[in-house]
Amino acid sequence: MVGGESQTFKDREHFFRASAEAMRRILIDRARHKHTVRHGGEYQRVDFEVLDLAGTAVDDKLLAVNEALDKFATEFPMQADLVKPRYFAGLTIEEVSEVLGISVSTAKNYWAFSRAWLLKEIELE
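Residues numbered from 1 in each chain as written. Predicted model: local features only at pLDDT ≥ 70, side-chain atom pairs only at ≥ 80, totals over all residues. Heavy atoms only, no water.

Engineer: Sorry, what's going on with the packing of aromatic side chains here?
Structural biologist: Any two aromatic rings considered together are summarised by their centre-to-centre distance and by the angle between their planes. Across all of its chains, the model carries 8 aromatic pairs by this definition. Both rings, one in phenylalanine 72 and one in phenylalanine 113, keep their centres 6.0 Å apart while their planes meet at 40 degrees; by these two values the pair is tilted. Linking phenylalanine 72 in helix α2 (residues 57–75) with phenylalanine 113 in helix α5 (residues 104–124), this pair joins segments that are 41 residues apart in sequence. You can call phenylalanine 72 buried: its relative accessible area is 0%. Centroid distance phenylalanine 76 to phenylalanine 113: 4.9 Å. Interplanar angle 80 degrees. Geometry classified as edge-to-face. Of this pair, phenylalanine 76 sits in the loop between α2 and α3 (77–88) while phenylalanine 113 sits in helix α5, placing them 37 residues apart in sequence. Relative accessible area serves as the criterion here: at 22%, phenylalanine 76 is assigned to the partly exposed category. Cluster of aromatic residues (ring-pair linked, three or more members): Phe72, Phe76, Phe113 and Trp117. Lying across the ring of tryptophan 111, arginine 86 places its NZ or CZ 4.7 Å from the centre. (Phe/Tyr/Trp six-rings, centres within 6.5 Å; stacked < 30°, edge-to-face > 60°. Helix = DSSP H or I, 4+ residues; strand = E, 2+ residues; numbered from the N terminus. Buried < 20%, exposed > 50% of the residue type's maximum accessible area, 1.4 Å probe, protein only. Lys NZ or Arg CZ within 6 Å of the ring centre and 35° of its normal.)

Take a look at the structure:
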């Protein structure tokens, strides 16, 4: 989206889909990059001041969500289109329903189903 060429979007839905996909790719690339051995992928970060859990847990979860979302999209593409802007771009249910042109109640149903399916898939891995 930030490349040298100017982007033209057909409508608001096209913009939000592209934004969510771009954010997803950025986060996944960052997580994959941090897991490479060359960049300390085998080591865990430890905050000595607070001794919290390692910082790589977020990246592990993000990669698991990405893999599960790829599987989910092959079976349920419309629901996956809802998850991407909701999860990666932070849109609300109301915003996503407007962007996708579906009712709020349908968006809520899709979101509940998607969350359950993805959670189950992630737990199986």
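After that view, the rundown keeps rolling.
Engineer: Would you take a moment to explain the pattern of salt bridges for this structure?
Structural biologist: Oppositely charged side chains can form a pair if their charged atoms are brought close together. Going through the model one piece at a time under the given rule, you end up with 8 salt bridges. When the shortest N-O distance is used, the salt bridge between glutamate 98 and arginine 12 registers 2.8 Å. Highlighted residues: glutamate 98 in helix α4 (residues 93–100) and arginine 12 in helix α1 (residues 12–35), separated in sequence by 86 residues. Ionic pairing is found between glutamate 21 and arginine 25, a salt bridge with its closest N-O pair at 3.3 Å. Of this pair, glutamate 21 and arginine 25 both sit in helix α1, 4 residues apart, which is roughly one turn of that helix. Residue arginine 25 is classed as exposed on the basis of its relative accessible area, which comes to 54%. Taken together, the shared-partner salt bridges in this structure form one network comprising Glu21, Arg24, Arg25, Asp70 and Lys84. (Salt bridge = Lys/Arg side-chain N within 4 Å of Asp/Glu carboxyl O.)

Engineer: For this particular structure, what's the right way to read the confidence of the model for the chain?
Structural biologist: Fine structural detail should not be taken from predicted coordinates in areas where pLDDT scores are low. Of all residues in the chain, 77% have pLDDT values of 70 or greater, and the mean over the chain is 81. Predicted confidence is poor over residues 51–55, with pLDDT under 50, and the contacts of this stretch with residues over four places away or in other chains come to 6 contacts. (pLDDT = per-residue confidence, 0-100. Contact = heavy atoms within 4.5 Å.)

Engineer: Mind showing me how you'd approach the packing of α3 against α4 here?
Structural biologist: The description of two helices packed together rests on the angle between their axes and the distance between the axes. For the pair α3 and α4, interaxial distance at closest approach is 10 Å and the crossing angle is 130 degrees. Here α3 is positioned oblique relative to α4, judged by the angle of their axes. Crossing of α3 against α4: the hand is right-handed. Contacts between α3 and α4 pair Met78, Asp81, Leu82, Pro85 and Arg86 from the former with Ile93, Val96 and Leu100 from the latter. (Axes fitted to C-alpha atoms, helices over the stretch in contact; angles between N-to-C directions. Parallel < 35°, antiparallel > 145°, perpendicular 65-115°, else oblique. Left-handed = near helix turned anticlockwise from the far one by under 90°.)

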